[in-house]
Amino acid sequence: MKKLFRHFLNLHEISKEDINIILKYSHKLKKKSKTKQFKEKKILAIIFEKPSTRTKISFDVGMKLLNGDVVTLDHSDSQLGRGESLEDTMRVLASYVDIIVYRGSDESKLYKLSEISTVPIINGLTDISHPCQIIADIMTLQEKFRSLNNLNLTWIGDGNNVCNSWIHASKHFDFNLKISCPPGNFPAKKNLKSLNLQNVELFKNPIEAALNADVIITDTWVSMGMKSNPKRQKMFEKFQINKELLKKTGRDTYFLHCLPAHRGREVTDEVIDGNRSLVWEEAENRLYAHQSILLWCLKQI
Ligand code: CP
Ligand code: NVA
């Protein structure tokens, strides 16, 4: 029997056609040329094992704007905090709600949940990936550039979950993705297995990676769940996005950051607040991207 819904887990597993459907609808929602609403009320459960501002609130607001409603489950005030398994919790929740967005550490747990769930599961971030973010980021770039074809995107910093999802997206788009990270912090090959990464290049030197960049992207040096230490901070100093680095690109380079930013660490104030920074549009676009993902998962677009 054909499923009446789709999970949104990782970008390389979703077809290019479907990603384009999600993106196209995100733009329409932003332009208010479409104001789709669920005919019958739908309920979203937000289950987050890690903190969030943007993802949580934009899914909440987005769902309500679609004539949906939202319940949020936190570790501290549910039986999860007393040791009830996530699998058991999900089985029960799936009989109450229509769709679930989950944020946790362990990517394999996300996949296990998607196997047992009778409602769509959206990946709201794991240690390995952050696909919702990249839909909003691509939407933001589509607003600035006519096409992403041949665009030079440069990731400088930690080869983390957000970086992995950019790599996943590179399977579907003809941008060039250059990645520069301190030794030992490049994206792990095992997370990227089975990808044919012809348009991804790795660089030890951030200045070389930045040459000809149309867009420079970074993120925190210390993701949620990691421990910071002075040695790590020192190792990353050369990978800061500052005015001097932007001068070396040879182009008018835009800047993206998923936020939250650590000003003075991975990015300076003058870059994040500068006129080439797209971070606020990027954050705003999460709202439209998430509404579109909800509609796609529930097969309404
Ligand atoms: N960029 C992002 O996912 O932000 P939050 O952690 O605030 O959701
Ligand atoms: N890499 C960051 C992204 C936050 C949205 C983290 O996982 O903490």
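Note: the structure precedes this text.
Presented here is a report on the structure given in the accompanying data block. Only a predicted model underlies this, so the values are computations on that prediction, with no experimental measurement involved. (Residues numbered from 1 in each chain as written. Chains lettered and ligands numbered in written order. Predicted model: local features only at pLDDT ≥ 70, side-chain atom pairs only at ≥ 80, totals over all residues. Heavy atoms only, no water.)

### Structural notes on the environment of N67
At step 1: Turning to its location among the elements, N67 is positioned in the loop between α2 (54–65) and β2 (68–74).
At step 2: Looking at N67, the relative accessible area reads 25%, which means it is partly exposed.
At step 3: Separated by 27 residues in sequence, N67 and E40 have C-alpha atoms that sit 8.0 Å apart.
At step 4: The residues touching N67, leaving out its near neighbours within four places in the chain, are Q37, F38, K39, K41 and K42. (Helix = DSSP H or I, 4+ residues; strand = E, 2+ residues; numbered from the N terminus. Buried < 20%, exposed > 50% of the residue type's maximum accessible area, 1.4 Å probe, protein only. Contact = heavy atoms within 4.5 Å.)

### Observations regarding the side chain of D60
At step 1: As for its position among the elements, D60 is in helix α2.
At step 2: For D60, a relative accessible area of 17% corresponds to the buried category.
At step 3: Excluding residues within four positions of it along the chain, D60 makes contact with I46 and V70.

### Topic: the site of ligand 2
At step 1: Around ligand 2 sit L125, N160, N161, D219, T220, S223, M224 and L259, and that is every residue in its neighbourhood.
At step 2: In this structure, a nitrogen atom belonging to ligand 2 sits 2.7 Å away from a side-chain N or O atom of S223.
At step 3: M224 is positioned such that a nitrogen or oxygen atom in its backbone is 2.8 Å from an oxygen atom of ligand 2.
At step 4: When the free accessible area of ligand 2 is taken as 270 Å², the share hidden by the protein chains comes to 93%.
At step 5: When the residues that make up the shell around ligand 2 are grouped by side-chain class, the tally is 3 nonpolar, 4 polar and 1 charged. (Near = heavy atom within 4 Å. Polar contact = N/O pair within 3.5 Å; in protein donor to acceptor, adjacent residues only side chain to side chain. Areas by Shrake-Rupley, 256 points an atom, 1.4 Å probe, with all protein chains shown as cover. Nonpolar A, V, L, I, M, F, W, Y, C, P; charged D, E, K, R; others polar.)

### Points about the site of ligand 1
At step 1: Contacts to ligand 1 come from S52, T53, R54, T55, R103, H130, Q133, C258, L259 and R286.
At step 2: With respect to ligand 1, the side chain of S52 contributes an N or O atom lying 2.6 Å from an oxygen atom.
At step 3: With respect to ligand 1, the side chain of Q133 contributes an N or O atom lying 2.9 Å from a nitrogen atom.
At step 4: When ligand 1 sits alone it has 260 Å² of accessible area, and the protein chains cover 95% of it.
At step 5: Tallied by class, residues from the shell around ligand 1 come to 2 nonpolar, 5 polar and 3 charged.

### Focus on the sheet that holds strand β4 (residues 121–123)
At step 1: Read from one edge of the open sheet, 4 strands run β2-β1-β3-β4, paired in parallel fashion. Either end of the sheet is taken by a strand with one partner, and the two such strands are β2 and β4. Neighbour-to-neighbour, the strand axes of this sheet turn through a mean angle of 20°, independent of strand direction.
At step 2: As judged from the 5 bridges shared by strand β1 (residues 42–48) and strand β3 (residues 99–103), these two strands associate in the parallel manner. In the strand pairing of β3, A45 is matched with I100. (Pairing = 2+ DSSP bridges. Axes fitted to C-alpha atoms, helices over the stretch in contact; angles between N-to-C directions.)

### Comments concerning the packing of aromatic side chains
At step 1: This structure, assessed with the given rule, holds 6 aromatic pairs.
At step 2: With a centroid separation of 6.3 Å and 85° between ring planes, the pair formed by F8 and W296 is classed as edge-to-face. Of this pair, F8 sits in the segment before α1 (16–31) while W296 sits in helix α11 (residues 279–297), placing them 288 residues apart in sequence. Neither F8 nor W296 differs from the other in exposure class; each is buried.
At step 3: An angle of 75° between the planes, with centres 5.7 Å apart, marks the rings of W166 and F175 as edge-to-face.
At step 4: Look at F175 and you get buried, because its relative accessible area is 0%.
At step 5: What links up through ring pairs into an aromatic cluster is the set W166, F173 and F175. (Phe/Tyr/Trp six-rings, centres within 6.5 Å; stacked < 30°, edge-to-face > 60°.)

### A word on the pattern of salt bridges
Two side chains that carry opposite charge are able to pair once their charged atoms sit near each other.
At step 1: Per the counting criterion, the structure on display carries 11 salt bridges.
At step 2: K234 is the partner of E237 in a salt bridge, and the nearest nitrogen-oxygen pair spans 3.0 Å.
At step 3: Through salt bridges with shared partners, a single ionic network connects R263, D269 and D273. (Salt bridge = Lys/Arg side-chain N within 4 Å of Asp/Glu carboxyl O.)

### Description of the side chain of S180
At step 1: Its location among the elements puts S180 in strand β6 (residues 176–180).
At step 2: Apart from the residues within four sequence positions on either side, S180 is in contact with W155, I156, G157, F186, F203, K204, N205, P206, A209 and F239.

### Details of unusual backbone geometry
At step 1: Cis geometry marks the peptide bond from L259 to P260; its omega dihedral reads 5°.
At step 2: Here P260 lies in the loop between β9 (254–257) and α10 (269–272).
At step 3: If you check the backbone angles, N67 has positive phi at about 70° while not being a glycine.
At step 4: We note that N150 has phi near 65°; this positive angle belongs to a residue other than glycine.
At step 5: Here N150 is to be found in the loop between α5 (131–144) and β5 (152–156).

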